[in-house]
Amino acid sequence: SAGCRQIQDLEIPCVEVDPCGDAQAAAEGAVLGLHEYNDLKQKKKPVVTPQLHGSTESEAWQKGVIYAEGQNLARYLMEAPANYITPIKFAEHIEQKLRSFSNVKVHIRPESWIATQQMGAFLSVAKGSAEPPIFLEIHYLGGANTNDAPLVFVGKG
């Protein structure tokens, strides 16, 4: 992680990372270490692409990259100011990130839908904002066994 950040400071576009016996952990460390919230900065740090060096563990490397990119997405959404990531921008950003997955369906529900569903507490909290509320619904349709009970995550941010 620290070595990757030094490469980033040198403005070198690519760094090869030795997995040191754990390609997934090496990928996670490299990708997480290179994360930088640049959207509102005048001088942006260059994008550095970490690559696996000298190993056949490419599947574990890719898994680590995917995990770290998911964490970096959460960091991006957390670090962005509230007036920059409004409810609709948040929903659209997530929809765009999940668009390429055929087994994921995203529904962006407007305020009228929320009212129809009688989600009064949700609407009451939203009245404290100048932005209209959005309810983001994500369906994952990729479970191995369709008879299994669904796994549901509910969050309010």
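Structure first, text after, so check above.
For clarity, every value in this text was computed on a predicted model and none was experimentally measured.

Take the overall build of the protein chain next. In terms of helices and strands, the protein chain carries six helices and four strands. Listed N to C, the secondary structure of the protein chain is α-β-α-β-α-α-β-α-α-β in terms of helices and strands. The C-alpha radius of gyration of the protein chain comes to 19 Å, more than 25% above the 15 Å expected for a compact globule of 157 residues. On the principal axes, the C-alpha backbone points of the protein chain span a range of 55 × 50 × 20 Å. Classification of the 157 residues of the protein chain by burial places 25% in the buried group. If you take every contact in the protein chain between residues at least 6 apart in sequence, the share linking residues at least 24 apart comes to 69%. Distance between charge centres in the protein chain, computed from 14 positive and 18 negative side chains, equals 8 Å.

Leaving glycine out, the prevailing phi sign among residues is negative, and the prevailing peptide bond configuration is trans. Not every positive phi belongs to a glycine, and Cys20 is a case in point at roughly 50°. Within the secondary structure layout, Cys20 lies in the loop between β1 (14-17) and α2 (23-33). A residue is classified by how much of its surface remains accessible, and Cys20, at 70% relative accessible area, is exposed. Positive phi is not limited to glycine here, since Gln118 has a value of about 60°. Looking at the element boundaries, Gln118 is found in the loop between α5 (111-116) and α6 (120-126). Take Gln118: its relative accessible area is 73%, and that puts it in the exposed class.

Right, let's talk about α2 for a bit. Three or more residues of α2 are buried, namely Ala23, Gln24, Ala26, Ala27, Ala30, Val31 and Gly33. On its buried side, α2 packs onto α1 (2-9), β1, β2 (49-52) and α3 (58-79).

Working note: a packed helix pair is described by the angle between its axes plus the distance between those axes. The geometry of α3 relative to helix α4 (residues 87-98) is characterised by a closest axis approach of 12 Å and an angle of 165° between their N-to-C directions. Comparing the axis directions of α3 and α4 gives the class roughly antiparallel. In the crossing of α3 with α4, the sense of the turn from one axis to the other is right-handed. Along its contact with α3, which presents Leu73, Tyr76 and Leu77, the element α4 presents Phe90, His93, Ile94 and Lys97. Residue composition of the contact of α3 with α4, by class: five nonpolar, one polar and one charged.

This brings us to the environment of Lys63. You can see Lys63 is positioned in helix α3. Given the relative accessible area of 40%, Lys63 is considered partly exposed. Taking the C-alpha atoms as reference points, Lys63 and Leu98, 35 residues apart in sequence, are found 17 Å from one another.

Looking now at the nonpolar core. By size, the foremost hydrophobic cluster in this structure holds 14 residues, and its most contacted members are Cys4, Val15, Val17, Trp61 and Val65. Residue assignment for this core shows that the elements contributing at least two residues are β1, α2 and α3. Considering every element that reaches this core, the biggest residue donor is α2, with five residues. In contact with Val17, other than residues within four places in its own chain, are Cys4, Ala26, Ala30, Pro50, Gln51, Leu52, His53 and Trp61. Judged by nonpolar contacts, the second largest core, of six residues, contains Tyr37, Tyr76, Ala80 and Ile85.

Conventions we followed
Residues numbered from 1 in each chain as written. Predicted model: local features only at pLDDT ≥ 70, side-chain atom pairs only at ≥ 80, totals over all residues. Heavy atoms only, no water. Helix = DSSP H or I, 4+ residues; strand = E, 2+ residues; numbered from the N terminus. Rg over C-alpha atoms; globule rule 2.2 N^0.38 Å. Buried < 20%, exposed > 50% of the residue type's maximum accessible area, 1.4 Å probe, protein only. Contact = heavy atoms within 4.5 Å. Lys, Arg positive; Asp, Glu negative; His and termini not counted. Charge placed at Lys NZ, Arg CZ, Asp CG, Glu CD. Axes fitted to C-alpha atoms, helices over the stretch in contact; angles between N-to-C directions. Parallel < 35°, antiparallel > 145°, perpendicular 65-115°, else oblique. Left-handed = near helix turned anticlockwise from the far one by under 90°. Nonpolar A, V, L, I, M, F, W, Y, C, P; charged D, E, K, R; others polar. Core = buried A, V, L, I, M, F, W, Y, C linked by side-chain atoms within 4.5 Å.

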